[in-house]
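Chain and residue survey
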Amino acid sequence: MSNSSENNSAPQRHVLLVAKSAFAAAPYRQMQQLAGLAATLPGVAGASFGFTEQGTPSLREALGALREAGASDILILPLMLPIEPSFTAWLTKSLRRWQAEDGAPWPNVRIAQGLADSALLPALMAGLVETAEVAAPVPPAEKLVPEGSLIPAQKRRVLVCQGGPCNAAGADLMWGHLRNQQDRQKLRVSGDGTMSCKSTCLGPCNLAPVIQVFPEGTYYGGVTEAAIDRIVAEHLLGGRVVDEFAYEPTGRKQTLRAAAPVKPSLAKS
């Protein structure tokens, strides 16, 4: 998976730690600490991190930053346990798509084995078990206090399919990009207000990855980051269906249409 340009300087290997998501400050600090540790490893010129779901920098944003910094060799190191069988498949497919969309030279990008495949995992688990002996037991609650909830005022809903074919096509990346855009553009309080959630299979598996926008119930297939950006701007905020990615029920089987070529920015995933 290499489109590296010729470079007279020595190869600059960077480790890119990948986790699913982070919302609070503490997990960001943990990722920073892990990146600092990875940067001290032999043969590593630097280390950073990114997220496949919600959290910044996204995986794509982190890759873009490394390219701009002149990295010639990037090793993606997944930190998740367990890793679904489709993870490497959709990650590989997404990397190829990003390279094709971008059109510019890319460094070498490799994907390391998961943590579960490491021979060092048993020793790590043994150490965690040993240190856990000093932790205080969790006390039971003296009294359960019911908590209230507000009924959401938002009128729009976006469902992101998490069925097998959609996951294999990179649905997690689409979910992460949507959630990051939802946060950046304050979609919950903009326009009619938008909430998003993951769903089980939405039906048109061969159009993966699929999302559905309500209250219209519009299906969008073959969704990419660029498609998400247009759906946010034109449909969620503008109230206009994006016909280029929309699929109406016809009573007949449909296949993905060829999308217009786009060159989205790597900095806003």
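Below is a summary of the structure that appears in this document. Note that the coordinates shown come from a computational prediction; the quantities given were computed from them, not determined experimentally. (Residues numbered from 1 in each chain as written. Predicted model: local features only at pLDDT ≥ 70, side-chain atom pairs only at ≥ 80, totals over all residues. Heavy atoms only, no water.)

**A few points about the overall build of the chain**
Just so we agree on the cut-off: Each helix is a run of H or I in the DSSP string that is no shorter than four residues. Each strand is a run of E no shorter than two, and both are numbered from the N terminus. We call two residues in contact when some of their heavy atoms are within 4.5 Å. Where accessible areas are quoted, they stem from the Shrake-Rupley method and a 1.4 Å probe; at the residue level, only the protein chains shown are allowed to cover. Within this scheme the basic residues Lys and Arg register as positive and the acidic residues Asp and Glu register as negative, but His and the chain ends are omitted. Lys charges are placed at NZ, Arg charges at CZ, Asp charges at CG and Glu charges at CD.
When helices and strands are tallied, the chain shows seven helices and nine strands. Viewed in the frame of its principal axes, the chain has a C-alpha envelope of about 65 × 55 × 30 Å. Considering only residue pairs separated by 6 or more positions, the chain has 70% of its internal contacts joining residues 24 or more positions apart. Carbon and sulfur atoms provide 57% of the accessible area of the chain, an area that totals close to 15400 Å². Charge centroids of the chain, computed over 25 positive and 23 negative side chains, lie 5 Å from each other.

**Here's the deal with the environment of Val232**
The condition is simple: Here's how the labels work: a residue is buried when its accessible area is under 20% of the maximum for its type, exposed when over 50%, partly exposed in between, all with a 1.4 Å probe on protein chains only.
Mapping Val232 onto the fold places it in helix H7 (residues 225–236). For Val232, a relative accessible area of 1% translates into the label buried. Along the backbone, Val232 and Pro27 are 205 residues apart, and their C-alpha atoms lie at a distance of 28 Å. Residue contacts for Val232: discarding those within four places in its chain leaves Leu178, Gln185, Leu187 and Leu237.

**Section: the pattern of salt bridges**
Cut-off, in case you're wondering: Salt-bridge detection follows one rule: a side-chain nitrogen of Lys or Arg within 4 Å of a carboxyl oxygen of Asp or Glu.
The final tally for this structure, using the stated rule, is 13 salt bridges. Between Glu101 and Arg60 there is a salt bridge; the shortest N-O distance is 3.2 Å. Of the two residues, Glu101 sits in helix H3 (residues 87–102) while Arg60 sits in helix H2 (residues 59–68), which places them 41 residues apart along the sequence. By the burial criterion, Glu101 is buried, and Arg60 matches it. The residue Glu61 makes a salt bridge to Arg184 at a minimum N-O spacing of 3.6 Å. Here Arg184 lies in helix H6 (residues 171–184) and Glu61 lies in helix H2, a separation of 123 residues in the sequence. Classification of Glu61 by relative accessible area gives partly exposed; the value is 22%.

**Some details on the nonpolar core**
Where we set the bar: Throughout, nonpolar core names a set of buried Ala, Val, Leu, Ile, Met, Phe, Trp, Tyr and Cys residues whose side chains join them through atoms within 4.5 Å.
The biggest cluster of nonpolar side chains holds 36 residues, and the ones touching the most others in it are Leu16, Leu59, Leu63, Ile76, Ile211 and Tyr220. At the level of elements, strand S1 (13–19), H2, strand S3 (73–78), H3, strand S5 (156–161), H6, strand S7 (211–214) and H7 are the ones that each hand at least two residues to this core. Excluding residues within four positions of it along the chain, Ile76 makes contact with Leu16, Val18, Leu59, Leu91, Leu95, Val109, Arg110, Ile111 and Ala112. If you look at the next biggest cluster of nonpolar residues, it comprises eleven residues, including Tyr28, Met31, Val44 and Phe51.

**Structural notes on unusual backbone geometry**
Cis peptide bonds are those with omega within 30 degrees of zero, and the linkage from Leu81 to Pro82 qualifies with -10 degrees. Note that Pro82 resides in the loop between S3 and H3. Cis geometry is adopted by the peptide bond preceding Pro215, which originates at Phe214 and carries an omega value of 20 degrees. In this fold, Pro215 is placed in the loop between S7 and strand S8 (218–220).

**Brief notes about the packing of H2 against H3**
Note the cut-off: To obtain an axis, a line is fitted to C-alpha atoms, over the contacting stretch when the element is a helix, and the angle between two such axes runs from 0 to 180 degrees between their N-to-C directions. Here the angle decides the label: under 35 degrees means roughly parallel, over 145 means roughly antiparallel, 65 to 115 means roughly perpendicular, and every other value means oblique. Left-handed describes a crossing in which the near helix is turned anticlockwise from the far one by less than a right angle; the clockwise case is right-handed. Classification used: nonpolar for Ala, Val, Leu, Ile, Met, Phe, Trp, Tyr, Cys and Pro, charged for Asp, Glu, Lys and Arg, polar for all others including Gly.
Between H2 and H3, the shortest axis-to-axis distance is 12 Å and the interhelical angle comes to 50 degrees. Relative to H3, H2 is oriented oblique. Crossing angle aside, the handedness with which H2 passes H3 is right-handed. Residues Leu59, Arg60, Leu63 and Arg67 of H2 form the contact with H3, whose participating residues are Leu91, Leu95, Trp98, Glu101 and Asp102. Taken together, the residues that form the contact of H2 with H3 break down as five nonpolar, no polar and four charged.

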